[in-house]
Amino acid sequence: MESKLGEISAAFSNQYSGWILWNLFLAFVPMVLSFWLFRRRKGSRSGIWWLVFAIYIAFLPNAPYLLTDIIHLIRAVRHGFSIIAIALAFIPLHIVAILAGFETYVVSLLNQGEYLRKQGARQYILWTELLTHALCSLGVFMGRFRRYNSWDLVLDPNIIVEQTLDDLTSKRSLLVIAVTFVVITVLYWLMKQITLGLVLRWRYARVGKEIEL
C-alpha cells in the first residue's frame, strides 16, 4: 500500500510533473494578453498595442503545445509505474493540464474573433482562426522537435528564420506540421462549441436569476 502511495505522490514530483506549472503559465500568458488586446472598450491600436500583439502571437503556440506533453505520460508508463498510480494520478493530472492549456487557446481565439466582430470584419474570423492554427502548428513543431522557445524569436531570430525555412522545404517536417494543424483545428472546433455552450448556459442562468429578483 505504501509503495502505491509513493508512486502516486511521485506523479506530482518535479521529475514527472514539473513541466505542468511552467507550461500552463506559458499557455496562460497569451490568454491574459488577449483580454487586454481584444476585450478593451477602447479599441485603438497604438504602438504598445502592436507590441503586445506581437508578444501574444509569439506565446500563443505554447497553449496547443501542451497537447504534445502527452509524451510525459508515456514516459511514466514506460518507467514501470503501477496501473493504480497511472489511472489515479498520472492520467487525470496530465489530462487536466492538457485540457486546461488548450482551453486557454480557445478563449484566446474567441477573444480574437470578438475583436474582429466589433471591427466589422466578421467574415475574416474563420480565416484568421485557420491562419492562427497554421502558425501555431509551426510553433508547436519548432518547440517540440527543434526545442526553441518563444523568446528565441527575439534572442536569435536569424536561426529561427533559417530553421523554419529549412523545415518548410522538408516533406517530413511539412507532414508533421500538417498533422498538427489538423489535430489543432479539430480539437479547437470541438472545444469551441463546448465553451460557447457553457457560456450561453451561464448567461441564461444569470438572466433567469435577474428575472426572479
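This structure is a prediction, so every number in the text was calculated from the model and none was measured. (Residues numbered from 1 in each chain as written. Predicted model: local features only at pLDDT ≥ 70, side-chain atom pairs only at ≥ 80, totals over all residues. Heavy atoms only, no water.)

Visitor: Explain the pattern of salt bridges here, please?
Guide: Opposite charge on two side chains permits them to pair, given that their charged atoms come into close proximity. This model, assessed by the stated rule, comprises 2 salt bridges. As a salt-bridge pair, Glu 114 and Arg 117 come within 2.7 Å of each other at their nearest N and O atoms. One end of the pair is Glu 114 and the other is Arg 117, both in helix 6 (residues 83-118) and 3 residues apart, which spans about a single turn. Residue classification places Arg 117 among the partly exposed residues on the basis of a relative accessible area of 37%. Taking the shortest distance from any N to any O, the salt bridge between Glu 129 and Lys 192 comes out at 3.0 Å. Taken together, the residues Glu 129 in helix 7 (residues 125-144) and Lys 192 in helix 10 (residues 171-212) connect sequence positions 63 residues apart. The exposure classification of Glu 129 matches that of Lys 192, with both residues buried. (Salt bridge = Lys/Arg side-chain N within 4 Å of Asp/Glu carboxyl O. Helix = DSSP H or I, 4+ residues; strand = E, 2+ residues; numbered from the N terminus. Buried < 20%, exposed > 50% of the residue type's maximum accessible area, 1.4 Å probe, protein only.)

Visitor: Can you walk me through the nonpolar core in this structure?
Guide: What tends to happen in soluble globular proteins is that the nonpolar side chains get buried as a cluster. Counting residues in each nonpolar core, the largest one holds 31 residues, and the members touching the most others are Tyr 56, Phe 102, Tyr 105 and Tyr 188. At the level of secondary structure, the elements contributing two or more residues to this core comprise helix 2 (14-38), helix 3 (47-59), helix 4 (62-65), helix 6, helix 7 and helix 10. It is helix 2 that contributes the most residues to this core, 9 residues altogether. Setting aside residues up to four positions removed in sequence, Phe 102 forms contacts with Ala 63, Pro 64, Leu 67, Ile 184, Leu 187, Tyr 188 and Met 191. (Core = buried A, V, L, I, M, F, W, Y, C linked by side-chain atoms within 4.5 Å. Contact = heavy atoms within 4.5 Å.)

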